[in-house]
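Architecture and fold: a report
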Amino acid sequence: MTDLELPDASVAGLLGFWSLIHVPDDAVLMAFGHFKRVLRPGGTLLLGFHVGDESRLKTRGYGGHPMKVHVHLRQPTQVAGWLRDAGFTVKAQMLLDLDGSAPGAVLFARVQEL
């Protein structure tokens with residue numbers, strides 16, 4: 001996500017489901033800049049992520065397999081602000097299971113047209 005090898009304006013839409021959680025805060029704007037670059041004018045982005053206010057090291061994957069990845073939980077307002085800063089317009093937001101054990105959010109955004 002931080003170095004997409006796709007031509008400019010080459011895709012109509014992008015799906016980023018629960019992958020942004022592995023990008024540190026200081027690289028999110030770079031990733032969103034690449035998303036905007038490869039999307040056609042008016043292109044759409046559907047982004048899903050875990051909601052929270054922490055970063056943690058995950059050492060066990062699904063099924064108990066050992067792993068070592070950082071997981072970054074974020075608030076929807078923070079992600080929406082980064083999207084706007086990168087040139088997107090957030091069109092819709094859906095919050096998932098906010099009172100449960102794995103709260104999430106889905107944001108639908110479009111590249112701002114000139």
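What comes next is a walk through the structure. Quick caveat: nothing in here was measured; it's all calculated off a predicted structure.

Bridge analysis of strand E3 (residues 55–60) against strand E4 (residues 66–72) gives five bridges, and the strand direction is antiparallel. Counted as the bridge partner of Arg 60 is Pro 66 from E4. Counting the residues between successive antiparallel strands, the hairpin from E3 to E4 contains five residues, one of them, Gly 63, with a positive phi of roughly 80°.

So, on to the packing of aromatic side chains. One pair of aromatic rings is described through two measures. These are the centre distance and the angle between the planes. In total, this model carries two aromatic pairs according to the counting rule given. Here the aromatic rings of Phe 17 and Trp 18 are separated by 5.1 Å at their centres, their planes lie at 85°, and the arrangement is edge-to-face. Note on Trp 18: relative accessible area 27%, which makes it partly exposed. Look at Phe 32 and Phe 35: their rings are 5.9 Å apart centre to centre, the planes differ by 40°, and that puts the pair in the tilted class. In this pair, Phe 32 and Phe 35 both sit in helix H1 (residues 25–38), three residues apart, roughly one turn of the helix. For the pair Phe 32 and Phe 35, a shared accessibility class is recorded, and that class is buried.

Sheet architecture is open: four strands sit in the order E1-E2-E6-E5, paired in mixed fashion. Bordering the open sheet on either side are strand E1 (11–17) and strand E5 (88–96), each of which pairs with just one other strand. Direction aside, neighbouring strands of the sheet carry axes that sit 10° apart on average. The pairing of strand E2 (residues 39–50) with strand E6 (residues 104–111) spans seven bridges and is classified as antiparallel. Note on E6: the bridge partner recorded for Thr 44 is Arg 110. Along the sheet face, H1 touches E1, E2, E5 and E6 and points at about 145° away from the line of E2.

Attention shifts here to the nonpolar core. Judged by nonpolar contacts, the single largest core of 26 residues is most densely connected at Leu 20, Phe 32, Leu 47, Phe 49, Val 79, Leu 83 and Phe 88. Among the elements of the structure, H1, E2, helix H2 (76–85) and E6 are those that each provide at least two residues to this core. The element contributing the most residues to this core is H1, with five residues. When residues no more than four places from it in sequence are discounted, the contact partners of Leu 83 are Phe 32, Leu 45, Leu 47, Phe 88, Val 90, Leu 107 and Ala 109.

Conventions used here
- Residues numbered from 1 in each chain as written.
- Predicted model: local features only at pLDDT ≥ 70, side-chain atom pairs only at ≥ 80, totals over all residues.
- Heavy atoms only, no water.
- Pairing = 2+ DSSP bridges.
- Helix = DSSP H or I, 4+ residues; strand = E, 2+ residues; numbered from the N terminus.
- Phe/Tyr/Trp six-rings, centres within 6.5 Å; stacked < 30°, edge-to-face > 60°.
- Buried < 20%, exposed > 50% of the residue type's maximum accessible area, 1.4 Å probe, protein only.
- Axes fitted to C-alpha atoms, helices over the stretch in contact; angles between N-to-C directions.
- Contact = heavy atoms within 4.5 Å.
- Core = buried A, V, L, I, M, F, W, Y, C linked by side-chain atoms within 4.5 Å.

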